[in-house]
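Fold and geometry: a report
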Amino acid sequence: MGSQKDLLILLSAYAPQSAEQLRLREWILTFVKERTNCFARNNFYGHITASAWVIDPIGQKALLTLHRKIGLWLQLGGHVDDGVDLMSEALREVEEESGLTDLKPIIPGIFDLDVHRIPEIGQEPAHYHFDIRFLLQLQNPQPLVISNESIDLSWYTPEEIHALNSDDSVRRLCHKWQCIETEG
């Protein structure tokens, strides 16, 4: 099971490799410590989300979704429930958004952190997503199933990712993945 306490332990175990990641970890730690409702979608300052950088079985491409509401190519992920393990939530989000189920974590903890502002959409005011990101690898090829949250889903090489309409955090995820690949 997961909880606010488990999230604090997970964040404390994360070893940021850059000043930016250190700053984000401190911001998220402060947010979680100060807000008992840090997972609640109706916390309109912001809430915790979980996402995954998913790579193909041979480790050459990453899966991105063209997000219907945001209009950018992004990693898969979304909202979480209090009391649920964040890795499990990231796996659930990947399955919901792509149909993929045969996934394995490449590293046991956090791969990346991000805090991004979500614009006002419909009745929901602008707010922050405090995103906890994991690195997953598909074990065996499976067909992709596009959910109603996406316009499209596709596998991309690092070179193709840099040419897409995405945000800086997606390019950072791609760079971190490439660094792991060259180290391994």
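**Here we look at the packing of aromatic side chains**
- Counted by the stated rule, this structure contains nine aromatic pairs.
- For the ring pair W27 and Y128, a centre distance of 5.3 Å and an interplane angle of 75° mean the geometry is edge-to-face. Here W27 is found in helix α2 (residues 19–34), whereas its partner Y128 is found in strand β7 (residues 127–138), with 101 residues between them in sequence.
- Consider the rings of Y128 and F130, whose centres lie 6.0 Å apart with planes at 50°: the pair is tilted.
- The aromatic ring of Y128 is capped on one face by R117, whose charged end is 4.7 Å from the ring centroid.

**Observations concerning the side chain of H79**
- Within the secondary structure, H79 is located in strand β4 (residues 76–79).
- Side-chain polar atoms of H79 contact the side chain of H47, separated by 3.1 Å.
- If we ignore the near neighbours within four places in the chain, the residues touching H79 are R41, H47, T49, E89, R92, E93 and H129.

**What to know about the pattern of salt bridges**
- The full count for this structure, using the stated rule, is twelve salt bridges.
- With its nearest N and O atoms 3.2 Å apart, the salt bridge here joins R25 to E26.
- A relative accessible area of 36% means that E26 is categorised as partly exposed.
- A salt bridge links D112 to K176, with the shortest nitrogen-to-oxygen separation between them at 2.9 Å. Taken together, the residues D112 in strand β6 (residues 112–118) and K176 in helix α5 (residues 168–183) connect sequence positions 64 residues apart. Of the two residues, D112 and K176, both sit in the buried class.
- Overlapping salt bridges, with partners in common, bring together E20, D112, D114, D131, R133, R172 and K176 in one network.

**Structural notes on the nonpolar core**
- Grouped together as the largest cluster of nonpolar side chains are 33 residues, with contacts concentrated most on L11, I28, I48, V54, L86 and I132.
- At the level of elements, α1 (4–13), α2, β1 (46–55), α3 (86–98), β6, β7 and β8 (150–156) are the ones that each hand at least two residues to this core.
- Once residues lying within four places of it in the same chain are set aside, the contact partners of I48 are L7, I28, F31, V32, C38, F39, V80, L86, F130 and I132.
- Among the nonpolar cores identified, the runner-up in size contains 16 residues, and W53, I55, F111 and C174 belong to it.

**Points about α2**
- The end-to-end C-alpha distance of α2, which contains 16 residues, comes to 23 Å, matching closely the 22 Å that a straight helix rising 1.5 Å per residue would cover.
- Among all positions in α2, only Q21, L24, R25, I28, L29, F31 and V32 are buried. Looking straight down α2, one finds that the buried residues subtend no more than 165° of arc, so they occupy a single side. In this structure, α2 carries A19, K33 and E34 as exposed residues pointing more than 90 degrees from its buried face.

**A look at α3**
- An ideal rise of 1.5 Å per residue puts 18 Å on 13 residues; α3 measures up with 18 Å between its terminal C-alpha atoms.
- All of the buried residues along α3 are L86, M87, E89, A90, E93, V94, E97 and S98. For α3, the angular spread of the buried residues around the axis is 160°, confining them to a single face.

**Concerning the pairing of β6**
- For β6, the buried fraction is high: five of the seven residues fall into the buried class.
- Of the strand pairs in this sheet, β6 and β7 are connected by seven bridges, and their pairing is antiparallel. Within β7, the residue paired with D114 across the bridge is D131.

Definitions and cut-offs
- Residues numbered from 1 in each chain as written.
- Predicted model: local features only at pLDDT ≥ 70, side-chain atom pairs only at ≥ 80, totals over all residues.
- Heavy atoms only, no water.
- Phe/Tyr/Trp six-rings, centres within 6.5 Å; stacked < 30°, edge-to-face > 60°.
- Helix = DSSP H or I, 4+ residues; strand = E, 2+ residues; numbered from the N terminus.
- Lys NZ or Arg CZ within 6 Å of the ring centre and 35° of its normal.
- Polar contact = N/O pair within 3.5 Å; in protein donor to acceptor, adjacent residues only side chain to side chain.
- Contact = heavy atoms within 4.5 Å.
- Salt bridge = Lys/Arg side-chain N within 4 Å of Asp/Glu carboxyl O.
- Buried < 20%, exposed > 50% of the residue type's maximum accessible area, 1.4 Å probe, protein only.
- Core = buried A, V, L, I, M, F, W, Y, C linked by side-chain atoms within 4.5 Å.
- Expected span 1.5 Å × (residues − 1).
- Arc of directions from axis to C-beta.
- Pairing = 2+ DSSP bridges.

Interpretation note: all reported values are geometric properties and have no functional meaning in isolation.
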